[in-house]
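An overview of the molecular structure
Letter by letter, the chains look like this.
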Amino acid sequence: VKVVASFDLADKGKLRNSFGWDFTARASDTSFVDVADLARERSIPHGMWKMSKFFSIPMLKLKSIGASNWAAIGGLKKDQVKYAADDAFFQLYLMGLILERQAPSSEQTGLQSALAAWRATAESMRGLLDRVD
């Protein structure tokens, strides 16, 4: 299961144009979780920054890095790599907090698996946050 945040048409177009991967044709509803959708369904403010504030999570996402040239010749800069790693980490972390707040139904087997994975890793992930807080 891939965890995403506010995955939209622009993201799907980027996958198609950059990698020839047609998200709509190849992904199923059980192959990805959008934390923004989970938040919306549970009346939690959506958007990574808003969710981090709602849960009192220290998260720094500089727009200047997010809007920088990710296709530059020579590879990514260190701040871009950190931004991407933080983005993935916080999507997983916020998903866990959202699912803890309101567990998925028994029919939502993919989300049940995601919650079980969260519970198995939550303590380690919290330890990473404690280092930067």
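Look up a bit, the structure's there.
Residues numbered from 1 in each chain as written. Predicted model: local features only at pLDDT ≥ 70, side-chain atom pairs only at ≥ 80, totals over all residues. Heavy atoms only, no water.

Glancing now at the packing of aromatic side chains. The description of an aromatic ring pair uses the distance of the two centres, along with the angle that the planes make with each other. Overall, the coordinates contain 6 aromatic pairs when judged by the stated rule. Taken together, Phe-89, Phe-90, Tyr-93 and Trp-118 form an aromatic cluster joined through their ring pairs. (Phe/Tyr/Trp six-rings, centres within 6.5 Å; stacked < 30°, edge-to-face > 60°.)

Moving on, we get to a nonpolar patch on the surface. Judged by side-chain polarity, Trp-70, Leu-76 and Val-81 come together as a nonpolar surface patch covering roughly 260 Å² of accessible area. Within the fold, Val-81 resides in helix α6 (residues 78-101). On the basis of relative accessibility, which here comes to 45%, the residue Val-81 falls in the partly exposed class. (Patch = residues over 30% accessible without salt bridge, like charges linked within 9 Å, V, L, I, M, F, W, Y side chains within 5 Å. Areas by Shrake-Rupley, 256 points an atom, 1.4 Å probe, with all protein chains shown as cover. Salt bridge = Lys/Arg side-chain N within 4 Å of Asp/Glu carboxyl O. Helix = DSSP H or I, 4+ residues; strand = E, 2+ residues; numbered from the N terminus. Buried < 20%, exposed > 50% of the residue type's maximum accessible area, 1.4 Å probe, protein only.)

Bringing the pattern of salt bridges into the picture now. Summed over the entire model, instances satisfying the criterion amount to 4 salt bridges. Taking the shortest distance from any N to any O, the salt bridge between Arg-40 and Asp-37 comes out at 2.7 Å. Separated by 3 residues within a single helix, Arg-40 and Asp-37 lie in helix α3 (residues 35-41), roughly one turn from each other. The class for Asp-37 is partly exposed, based on a relative accessible area of 33%.

This paragraph deals with α6. Between its first and last C-alpha atoms α6 spans 34 Å; for 24 residues at 1.5 Å apiece the expected length is 34 Å, and the two agree. Within the sequence span of α6, burial applies to Gln-80, Tyr-83, Phe-89, Phe-90, Gln-91, Tyr-93, Leu-94, Met-95, Gly-96, Leu-97, Ile-98 and Leu-99. (Expected span 1.5 Å × (residues − 1).)

Right, let's get into the environment of Lys-53. Mapped onto the elements, Lys-53 comes out in helix α4 (residues 48-54). Relative accessible area serves as the criterion here: at 43%, Lys-53 is assigned to the partly exposed category. Sequence spacing of Lys-53 and Gly-75 is 22 residues, and the spatial spacing of their C-alpha atoms is 32 Å.

Here we come to unusual backbone geometry. Positive phi outside glycine occurs at Ser-43, with the angle close to 55°. Tracing the backbone through its elements, the reader meets Ser-43 in the loop between α3 and α4. Exposure remark for Ser-43: the relative accessible area of 68% places this residue in the exposed category. We note that Ser-56 has phi near 55°; this positive angle belongs to a residue other than glycine.

A few words on the side chain of Arg-42. Inspection of the secondary structure assignment puts Arg-42 in the loop between α3 and α4. Among the residues examined, Arg-42 registers a relative accessible area of 10% and is labelled buried. Among all residues touching Arg-42, those that are not within four sequence positions of it are Ile-98, Leu-99, Gln-102, Ala-103 and Pro-104. (Contact = heavy atoms within 4.5 Å.)

In terms of nonpolar packing, the biggest core is built from 26 residues, with Tyr-93, Met-95 and Ile-98 touching the most fellow members. If you list the elements that add at least two residues to this core, you get α3, α4, α6 and α7 (109-132). A total of 8 residues in this core trace back to one element, the largest contributor, which is α6. Contacts of Ile-98, omitting those with residues within four sequence positions, involve Val-35, Leu-38, Ala-39, Arg-42, Ile-44, Met-51 and Phe-55. (Core = buried A, V, L, I, M, F, W, Y, C linked by side-chain atoms within 4.5 Å.)

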